[in-house]
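Residue strings, one per chain:
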Amino acid sequence: MNHRGRECIREMKNSQDFATWREAAAALDAVLGFEDWKREEASSEYDWRLIKSRLRLLRQLRESGDIPKLVYHLRQGLHWNLGNSANPILYSHAIIGTKKLIEDYLDEVVQSLNDVCDAPLAELDVESRVRFFTETAKSFGRSALMLSGGATLGLFHVGVVKALVREDLLPQVISGSSAGSIVASTVGTRAPEELEKLLDPSGSYYHFWKALPFREMWRKGVLMDQRQIRRGIAANIEDMTFEEAYRRSGRIINITVSPAGTHQDPRLLNYLTSPYLFIREAVLASSAVPILFEPVLLMTRDEEGHRVPYMPSLRWTDGSLKSDLPTLRMRRLHNVNHFIVSQTNPHVIPFVRGAPEIPGLATNIRDFVYSSLRGSTRHAIGIGRFSLPSERVRSLLDDASSILDQDYRGHITITPKVTVWRYAHVTANPRLDAVQRFIREGERATWKRLPMIRNQVRVAQTMERCVQRCLQRLEASRDGANPTVGPTGRPKLSVVRRSDL
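Being a predicted model, the structure only gives us computed values, none of them experimental. (Residues numbered from 1 in each chain as written. Predicted model: local features only at pLDDT ≥ 70, side-chain atom pairs only at ≥ 80, totals over all residues. Heavy atoms only, no water.)

Focus on the nonpolar core
- Within the largest apolar cluster, 122 residues are counted, with the highest numbers of intra-cluster contacts made by Y105, L113, F133, L145, V161 and L170.
- The residues touching L113, leaving out its near neighbours within four places in the chain, are L74, L78, F132, F133, V459, T462, M463 and C466. (Core = buried A, V, L, I, M, F, W, Y, C linked by side-chain atoms within 4.5 Å. Buried < 20%, exposed > 50% of the residue type's maximum accessible area, 1.4 Å probe, protein only. Contact = heavy atoms within 4.5 Å.)

Focus: the packing of helix α6 (residues 100-118) against helix α21 (residues 450-479)
- Their axes nearest at 10 Å, the elements α6 and α21 cross at an angle of 5°. Taken together, the axes of α6 and α21 lie roughly parallel to each other. Here E103, L106, D107, V109, V110, L113, N114, C117 and D118 of α6 come into contact with α21, specifically with N455, R458, V459, T462, M463, C466, R469, C470 and R473.
- Here the contact of α6 with α21 is composed, by residue class, of nine nonpolar, three polar and six charged. (Axes fitted to C-alpha atoms, helices over the stretch in contact; angles between N-to-C directions. Helix = DSSP H or I, 4+ residues; strand = E, 2+ residues; numbered from the N terminus. Parallel < 35°, antiparallel > 145°, perpendicular 65-115°, else oblique. Nonpolar A, V, L, I, M, F, W, Y, C, P; charged D, E, K, R; others polar.)

Overview of the pattern of salt bridges
- Applying the stated criterion to the full structure yields 32 salt bridges.
- E35 serves as the salt-bridge partner of K38, at 3.2 Å between the closest nitrogen and oxygen. Placement of the pair is K38 and E35 together in helix α3 (residues 34-39), with a separation of three residues, close to one helical turn.
- Looking at E35, the relative accessible area reads 21%, which means it is partly exposed.
- We note a salt bridge from E244 to R301, for which the minimum N-O separation is 2.3 Å. Of this pair, E244 sits in helix α13 (residues 242-249) while R301 sits in strand β5 (residues 299-301), and the two are 57 residues apart along the sequence.
- The exposure class assigned to E244 is partly exposed, which follows from its relative accessible area of 31%.
- Within the structure, one salt-bridge network assembled from shared partners comprises E216, R219, K220, D225, R227 and E294. (Salt bridge = Lys/Arg side-chain N within 4 Å of Asp/Glu carboxyl O.)

Quick look at the pairing of strand β8 (residues 336-342)
- Across the seven residues that make up β8, a large majority, seven, are buried.
- Where strand β1 (residues 142-147) and β8 come together, six bridges link them in parallel fashion. Looking at the pairing, R142 lines up with V336 of β8.
- Sheet topology places β8 next to strand β9 (residues 412-414); three bridges connect them, and they run parallel. The partner of V341 across the bridge, within β9, is T413. (Pairing = 2+ DSSP bridges.)

Considerations on a nonpolar patch on the surface
- Together, M1, I9 and L32 line one region of the surface with nonpolar side chains, adding up to about 270 Å² of accessible area.
- Structurally, the position occupied by M1 is in the segment before α1 (3-14).
- Residue class for M1 comes out exposed when judged on its relative accessible area of 54%. (Patch = residues over 30% accessible without salt bridge, like charges linked within 9 Å, V, L, I, M, F, W, Y side chains within 5 Å. Areas by Shrake-Rupley, 256 points an atom, 1.4 Å probe, with all protein chains shown as cover.)

A word on the side chain of S85
- Among the secondary structure elements, S85 is positioned in the loop between α5 (67-77) and α6.
- We classify S85 as buried; its relative accessible area is 11%.
- At a separation of 2.9 Å, a polar atom in the side chain of S85 contacts the main-chain carbonyl oxygen of L82. (Polar contact = N/O pair within 3.5 Å; in protein donor to acceptor, adjacent residues only side chain to side chain.)

Observations regarding the pairing of strand β3 (residues 252-259)
- The buried fraction of β3 amounts to eight of the eight residues, a majority that puts the element mostly inside the structure.
- Both faces of β3 are covered, namely the face carrying I252, N254, T256 and S258 and the face carrying I253, I255, V257 and P259.
- With four bridges joining them, strand β2 (residues 173-176) and β3 adopt parallel strand pairing. Within β3, the residue paired with S175 across the bridge is N254.
- Inspection of the sheet shows β3 paired to strand β4 (residues 267-269) by three bridges, in the antiparallel sense. Across the sheet, I255 pairs through a bridge with L269, a residue of β4.
- In the sheet, β3 pairs with strand β7 (residues 316-317) via two bridges, with the strands oriented antiparallel.

Let's talk about helix α9 (residues 179-188)
- Among the ten residues that make up α9, ten are buried, leaving the element largely enclosed by the rest of the structure.
- Taken as a whole, α9 has its buried residues at A179, G180, S181, I182, V183, A184, S185, T186, V187 and G188.

Structural notes on the environment of R440
- In this fold, R440 is placed in helix α20 (residues 432-447).
- In this structure the C-alpha to C-alpha distance between R440 and D17, which are 423 residues apart in sequence, comes to 9.9 Å.
- Not counting residues up to four positions away in its chain, the partners in contact with R440 are S15, Q16, D17 and W447.
- Polar side-chain contacts of R440 include one of 3.2 Å to the backbone oxygen of Q16.

Shown next as C-alpha cells:
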C-alpha cells in the first residue's frame, strides 16, 4: 500500500464523525482500485441485468411524466432484495458502498416515488395515492432495529442508535431485550426532536448495578438490588404506557419478556399486543436476569386510569432467555422483512460475525465447528432435561436450551469487540470515560454498515413519508383547512393508519 493509502487509514481511524470517515474510506477505495469494481455492472452475486432493465424502465417513465404507468410498474415490480441486490457479499468487496448500478437503481426508485407523491392532482387523486403507497409499502416490507441483551455491554447499542439517528436512518420499528430494552425504551418514550440530547452520555444515568448485602442475598435468592436498576430505568425512561409512547415518539417499541414459571410463552410487548402496559415495569422484567434479579410483576392502566397489576399471579424475567431477537413475531405484527441487529449478548458475540464475509474454506470450517459444538451441547442438555430428577435443574437446562435454539443474527449484524476486561466488568457500573468509549465503538462499528443500511431502509422510509404527506393533503382537503396536528407534529389521521404500513 502506498503513502496515500496509509494516510487514508489513519484518517479513518481518527475520524470523529461519519462524514469524515466516509470521505477517507472512499479515498482508500480509489487507492485500492475498488472504485473500478463498483462501476463494473456485471457480477455473479446479483441479477445485474434485471436491475439495469428496471432502472432504464423507471427512468424513462419518470422523465416522460407518465404518472399512471409509473404507478403501475412500481406497484407490481417493487420488491425488497430484487435480483439479490441486498446480498451482504456485495458490500464486502470495497471499504464502503457497493455496485454503482444498485445505488443508481435505488436513487431512481426513491425519485419515482416522490414524483408520484408530488405530481399534480390531475394525474392521480389523493385517495389513489394513499392506497398506492399503503399497499406498496405492505408488499415491500420494512426494516427493524433489534437491540439484544448484554448487561453493561448494552452501552454499545447507544452508539449504534446514535449513528443511525445522525444519518436519519433509525427505523420506526425497534425491539429490545434486557439491556437492549432500556435503550429502545429511552428512544421510544421521547419525541423525535429530543433524541439528540439523549445520545449525550453526560446527560444519562448508567448506574444500574448494586450488590445486595449477604443476608438479603440469602433471603431473596438473588445477588443484585432491584431497587438500583429500577432507579436507573426511571432516570432514563419516561413513565408511560406503550400506546402513549407510540403516540409521542411515532416509533413502535417492542420489549421481550420471558415467563418465570411454566405454562407461559415469552411475550412481545408493544402498543398492539399490550397498549396499556407501563413500559418501566416491562423493561425491569426484561432486564431481570435469573440469579441476579427477582422476577417482576407487570403493571397496567385499568379502564378507570389507575395503575394496577397485570395478571397478578404471573412474574416475568429476562427477555433474552427465550426471545432475544423476536423476528417471527415482528414479521407478523409489523410487516418487517429486514432486520438490523446490534448484538451484545456476552455468550453470543464470540461466535457471531458482524461484517459479511466472502465464502471460503476457513469460513466454512469455522461455521461447521460452531454448528457441531452447538448441536452436541443442545443434545446433551436435552438428555438432562428429561432424565434429571431435580425440577430446578431441569428449569435451568430448559433456559439453556432456549438460549441455544435462538438465532442471534440479522440481515445486518453489528457487534462490539470481545475483550477479557469487558467480560470481567459486564455487571459493573462504568465510569463516564468507559461509557464514552462504548458509545464511540458502537458508532464506528455502524459507520461501515451505513451504506448497506441506507440502501435497505431508504425505499420503505420514502414510502412512509409519502403516505404522511398524502394523508395531510387528504385531511386538509376534507376539512378545507390545515390538518389537525398531534403532539409529534404528525397528522392525527396518520396515527391510526401508520400500523397499516
